[in-house]
Amino acid sequence: DAGVIQSPRHEVTEMGQEVTLRCKPISGHNSLFWYRQTMMRGLELLIYFNNNVPIDDSGMPEDRFSAKMPNASFSTLKIQPSEPRDSAVYFCASSRLPGGEKLFFGSGTQLSVL
Amino acid sequence: DQQVKQNSPSLSVQEGRISILNCDYTNSMFDYFLWYKKYPAEGPTFLISISSIKDKNEDGRFTVFLNKSAKHLSLHIVPSQPGDSAVYFCASYNDYKLSFGAGTTVTVRA
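Residues numbered from 1 in each chain as written. Chains lettered and ligands numbered in written order. Predicted model: local features only at pLDDT ≥ 70, side-chain atom pairs only at ≥ 80, totals over all residues. Heavy atoms only, no water.

Chemist: Quick rundown of the interface of chain A and chain B? Include the residues and the values.
Modeler: The interface is formed by 21 residues belonging to chain A together with 21 residues belonging to chain B. Between chain A and chain B the total buried area reaches about 1,600 Å² when both faces are included, carbon and sulfur atoms providing 59% of it. There are 0 salt bridges connecting chain A and chain B. If you look at where chain A meets chain B, you find 4 residue pairs in polar contact (both at pLDDT 80 or more). Elements with a minimum of two residues in the side of chain A that touches chain B: strand S4 (31-38) and strand S5 (42-50) of chain A. Broken down by element, the residue count for the side of chain A that touches chain B peaks at 4 residues, all from S5(A). (Contact = heavy atoms within 4.5 Å. Buried area = accessible area lost by both parts, 1.4 Å probe. Salt bridge = Lys/Arg side-chain N within 4 Å of Asp/Glu carboxyl O. Polar contact = N/O pair within 3.5 Å; in protein donor to acceptor, adjacent residues only side chain to side chain. Helix = DSSP H or I, 4+ residues; strand = E, 2+ residues; numbered from the N terminus.)

What follows is the structure, given as structure tokens:
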């Protein structure tokens, strides 16, 4: 089992550019979560998918953020246009359970927006 | 509006001694609590959990205590080892959501 795979590991971009983060959940897991980690707020839930359908996107900070899950093995989180305050570590996590209390996290994408 | 709060951002403890990490929550409807451990450049990993119908759960060196009347839980690590140096996140589970605290960085001194 390869675990949750995220790419890229690091992303440095300039303000105004589009950023796309990618995630491959663990095979067989039907719940997928995107989290953002910052020093001030810790781990914040951005969006939750169940069976590829977005269930709750209330944590998505602004319209600049969007997420998709076209199939059970792939999800993207896009920021367009990016801003310096978006700099953070973005984690993808998956779970086999509908509720997902025991999440399996990827290694994260360290995003720096200059 | 953080529903789970870890008020101590850091903790330093000597190897062999007990580490006690604290967590407070606001919603009495939370029915499941978890602790996750995170090393640098890695994602958080599940450590231990407790259901709201229990007040204690033990797994080896790790014990979680739940005080529902105080809306407080704690994680005890005994004895602390150098490999325990990491960031620890407290999390509450309600419905489908996990709400995390800001984390406590534990440093175990040799």
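Chemist: Any chance you could break down the sheet that holds strand S6 (residues 56-59) of chain B for me, citing the residues and the numbers?
Modeler: All names here are of chain B. Pairing is antiparallel in the open sheet, where 5 strands are placed in the order S1-S3-S8-S7-S6. The strands lining the two open edges of the sheet, one partner per strand, are strand S1 (4-5) and S6. Two strands pair when backbone bridges link them, and strand S3 (residues 19-25) and strand S8 (residues 72-77) are joined in this way by 6 bridges, in the antiparallel orientation. Bridge assignment links Asn22 to a residue of S8, and that residue is Ser74. (Pairing = 2+ DSSP bridges.)

Chemist: Would you mind going over the environment of A:Glu18 in detail, with residue names and values included?
Modeler: Residue and element names in this part refer to chain A. Counting through the fold element by element, Glu18 comes out in the loop between strand S2 (10-13) and strand S3 (19-24). The partly exposed category is assigned to Glu18, whose relative accessible area is 45%. In the structure, Glu18 is positioned 62 residues away from Gln80 in sequence and 4.5 Å away in space, judged by C-alpha atoms. (Buried < 20%, exposed > 50% of the residue type's maximum accessible area, 1.4 Å probe, protein only.)

Chemist: Go over the pairing of strand S9 (residues 86-94) of chain B, please, and point to the residues and values.
Modeler: Residue and element names in this part refer to chain B. With 7 of its 9 residues buried, S9 lies for the most part within the structure. Strand direction decides the pairing type here: strand S4 (residues 32-38) and S9, joined by 7 bridges, are antiparallel. Bridge pairing in S9 places Trp35 opposite Cys90. Where S9 lies against strand S11 (residues 104-109), 3 bridges are found, and the strand directions are antiparallel. Across the sheet, residue Tyr88 finds its bridge partner in S11, namely Thr104. Relative to strand S10 (residues 97-100), S9 is paired through 4 bridges, and the arrangement is antiparallel. By the bridge assignment for S10, Tyr93 is matched with Leu98. Two successive antiparallel strands, S9 and S10, enclose a turn made up of 2 residues, where Asp95 displays a positive phi of approximately 60 degrees.

Chemist: Account for the packing of aromatic side chains, naming residues and giving values.
Modeler: Think of a pair of aromatic rings as described by two things: how far the centres are apart, and how the planes are tilted against each other in angle. Inspection of every chain in the model, using the stated rule, returns 13 aromatic pairs over all chains. With a centroid separation of 6.1 Å and an interplanar angle of 75 degrees, the aromatic rings of A:Phe105 and B:Phe100 are classed as edge-to-face. Highlighted residues: A:Phe105 in strand S10 (residues 104-105) and B:Phe100 in strand S10, drawn from two different chains. Each member of the pair, A:Phe105 together with B:Phe100, is buried. Residues B:Tyr25 and B:Phe33 carry aromatic rings whose centres are separated by 4.5 Å and whose planes lie at 45 degrees to one another, so their mutual orientation is tilted. Like B:Phe33, B:Tyr25 is buried. Cluster of aromatic residues (ring-pair linked, three or more members): A:Phe33, A:Tyr35, A:Tyr48, A:Phe91, A:Phe105, B:Tyr36, B:Phe46, B:Phe89 and B:Phe100. (Phe/Tyr/Trp six-rings, centres within 6.5 Å; stacked < 30°, edge-to-face > 60°.)

Chemist: Which residues make up the sheet that holds strand S7 (residues 65-71) of chain A, and what values do they have?
Modeler: Residue and element names in this part refer to chain A. With antiparallel pairing, 4 strands are arranged side by side in an open sheet as S1-S3-S8-S7. The open sheet has two free edges, formed respectively by strand S1 (5-7) and S7, since each of these has just one partner strand. Within the sheet, the average angular offset between the axes of one strand and its neighbour, ignoring direction, is 15 degrees. Judged from the 5 bridges that link them, S7 and strand S8 (residues 74-79) form a sheet pairing that is antiparallel. From the neighbouring strand, Ala67 faces S8, where its bridge partner is Leu77. (Axes fitted to C-alpha atoms, helices over the stretch in contact; angles between N-to-C directions.)

Chemist: Mind laying out the state of the cysteines, listing which residues take part and the relevant values?
Modeler: Scanning the entire structure with this criterion turns up 2 disulfides over all chains. Here A:Cys23 is linked by a disulfide to A:Cys92, with a sulfur-sulfur distance of 1.9 Å. Across the disulfide from A:Cys23 to A:Cys92, rotation about the S-S bond amounts to roughly -65 degrees, and the bridge is consequently left-handed. Of the two residues, A:Cys23 sits in strand S3 while A:Cys92 sits in strand S9 (residues 88-95), which places them 69 residues apart along the sequence. For the pair formed by A:Cys23 and A:Cys92, the shared burial category is buried. In this model, B:Cys23 is linked to B:Cys90 through a disulfide, with the two sulfur atoms separated by 2.0 Å. Disulfide B:Cys23-B:Cys90: the torsion about the S-S bond is -70 degrees, which places it as left-handed. On the criterion of sequence distance, the pair formed by B:Cys23 in strand S3 and B:Cys90 in strand S9 is long-range, its members being 67 residues apart. For B:Cys23, a relative accessible area of 0% corresponds to the buried category. Accessibility expressed as a relative area gives 0% for B:Cys90, which makes it buried. (Disulfide = S-S within 2.5 Å.)

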